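Chain residues, written in single-letter form:
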Amino acid sequence: MTDTRNERVFFAPSFSIREACLQASSFLEGLGVMEPRSNVERLLMHLLGIERSTMLRDFGEPFPAEHAGEWVELIRRKAAGEPVQYIIGEEWFYGRPFTVTPATLIPRPETELLVEAVLEAADRLWPPDGAVVPTVVDVGTGTGAIGVTLASQRPRWRVSASDLSPDALAVARTNAARHEAAGRMAFVQGDLLAPFAKRGAAGAPDAEDIRIDVLVSNPPYIPADDLAGLQPEVRDYEPRLALDGGADGLDPYRRMARQLPELAQLPRIVAFELGMGQAQDVAALLRDVGEWDDIRIITDYGGIERHVIAVRTKN
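This report concerns the structure included in the present document.

Criteria and cut-off values
- Residues numbered from 1 in each chain as written.
- Predicted model: local features only at pLDDT ≥ 70, side-chain atom pairs only at ≥ 80, totals over all residues.
- Heavy atoms only, no water.
- Helix = DSSP H or I, 4+ residues; strand = E, 2+ residues; numbered from the N terminus.
- Rg over C-alpha atoms; globule rule 2.2 N^0.38 Å.
- Buried < 20%, exposed > 50% of the residue type's maximum accessible area, 1.4 Å probe, protein only.
- Contact = heavy atoms within 4.5 Å.
- Areas by Shrake-Rupley, 256 points an atom, 1.4 Å probe, with all protein chains shown as cover.
- Axes fitted to C-alpha atoms, helices over the stretch in contact; angles between N-to-C directions.
- Parallel < 35°, antiparallel > 145°, perpendicular 65-115°, else oblique.
- Left-handed = near helix turned anticlockwise from the far one by under 90°.
- Nonpolar A, V, L, I, M, F, W, Y, C, P; charged D, E, K, R; others polar.
- Expected span 1.5 Å × (residues − 1).
- Arc of directions from axis to C-beta.
- Core = buried A, V, L, I, M, F, W, Y, C linked by side-chain atoms within 4.5 Å.

Brief notes about the overall build of the protein chain
When helices and strands are tallied, the protein chain shows 12 helices and 9 strands. Its C-alpha radius of gyration of 22 Å places the protein chain within 12% of the 20 Å reference for a compact globule of 315 residues. With the principal axes as the frame, the protein chain shows a C-alpha extent of 70 × 45 × 40 Å. Burial status across the protein chain gives 54% buried among its 315 residues. Excluding contacts between residues fewer than 6 apart, the proportion of contacts in the protein chain whose partners are at least 24 apart in sequence is 66%. As displayed, the protein chain has an accessible area near 14400 Å², and 49% of this comes from carbon and sulfur atoms.

Right, here's the structure in full:
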């Protein structure tokens, strides 16, 4: 938390927009905040309601006096460690802005690779111009980034999204409406695959009517003992429910592997995001189910084995 003396360090009423940006960046850098300039620019664009090109064009203009108090508060929140995405209430994913709140994880760029893998695999099984379209379920949807993106990219698909958190589902519904996909999606509250199992869950759709073709999930996968060592922005602000994957981080995958045979049918595609060092174990869990002839591991931008996708190529 900044105090009055610190506020004077990073802002003065006489500052230009450029000076306010540079001084706030220097202030945050001195506190050890990662990517201070990028964070400050995002906060500045959010506050002034402008694009980056406009910000750069107007860098020499006086900082708007009517926003001075808000600017000090935004930088104060960032200095305390709050993620910029929660401060501005938004993060971009697959070229679209998504509303985020502290009830949801912040979408990450590596998850876009999971979406791409699902689109590629599904298009081979169900060509976009074909008569048959898949039924897709996004488990642990959070912001809805995966499910809403799939529904937006393939408007003919039938997409359901589930989450244990009602607050997260509210955010996902908001994002579905924001991207004009709400009328083509269903939202279900429940734990992992339980709402879609044959025995179902109270208030869930009839499992016999939901024959899942594509299952995609980015579940909690952080080992419980590792939570304390996460970056403060993640540890102190993102929801623990969406982070804690049990003792070794694999609990959600084990549970879904046990639940898969309880579905009306085994999905032809199962795609999971996972944590560092978990890919081989998760792939083995799917092999034990024994219904997919192509199980691949996909690395992310940092070379980490980040996703497992299992495909049954023959119906």
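The discussion continues.
A closer look at unusual backbone geometry
The backbone of E35 shows a phi angle near 50 degrees, a positive value even though the residue is not glycine. By relative accessible area, which is 59% here, E35 ends up exposed.

A look at the packing of helix α2 (residues 17-30) against helix α5 (residues 68-79)
Relative orientation of the contacting elements α2 and α5 amounts to 25 degrees, with a least axis distance of 10 Å. With respect to α5, the element α2 is oriented roughly parallel. At the point where α2 passes α5, the crossing takes the right-handed sense. Together, A20, A24, F27 and L28 of α2 and W71, I75, K78 and A79 of α5 make up the contact between the two elements. The class makeup of the residues in the contact of α2 with α5 is 7 nonpolar, no polar and 1 charged.

With respect to α2
For α2, which comprises 14 residues, the first-to-last C-alpha distance of 20 Å matches the rise-based estimate of 20 Å (1.5 Å per residue) to within 8%. The complete set of buried residues in α2 reads I17, A20, C21, A24, S25, F27 and L28. Here the buried residues of α2 occupy an arc of 165 degrees about the axis, which is enough to place them on one side. Away from its buried face by more than 90 degrees, α2 exposes E29 and G30. After α2 finishes, the residue G32 shows a positive phi value of roughly 85 degrees.

Describing the nonpolar core
L150, W157, M185, V216, I269 and I309 are the most contacted members of the largest nonpolar core, which has 34 residues in total. Counting residues per element, the ones that place at least two in this core are α7 (109-125), α8 (145-153), β4 (158-163), α9 (166-178), β5 (185-189), β6 (214-217), β7 (269-273) and β9 (305-311). A total of 8 residues in this core trace back to one element, the largest contributor, which is α7. Leaving out residues up to four positions away in the same chain, I269 has contacts with A121, A122, L125, W126, D213, V214, L215, W292, I309, A310 and V311. Listed in part, the 32 residues of the second largest apolar core include I212, L215, Y221 and V270.

Some thoughts on the environment of P107
By the element assignment, P107 lies in the loop between β2 (96-99) and α7. C-alpha separation for the pair P107 and T174, spaced 67 residues apart in sequence, amounts to 15 Å. Excluding residues that lie within four positions of it along the chain, P107 makes contacts with E91, F93, V100, T143 and A145.

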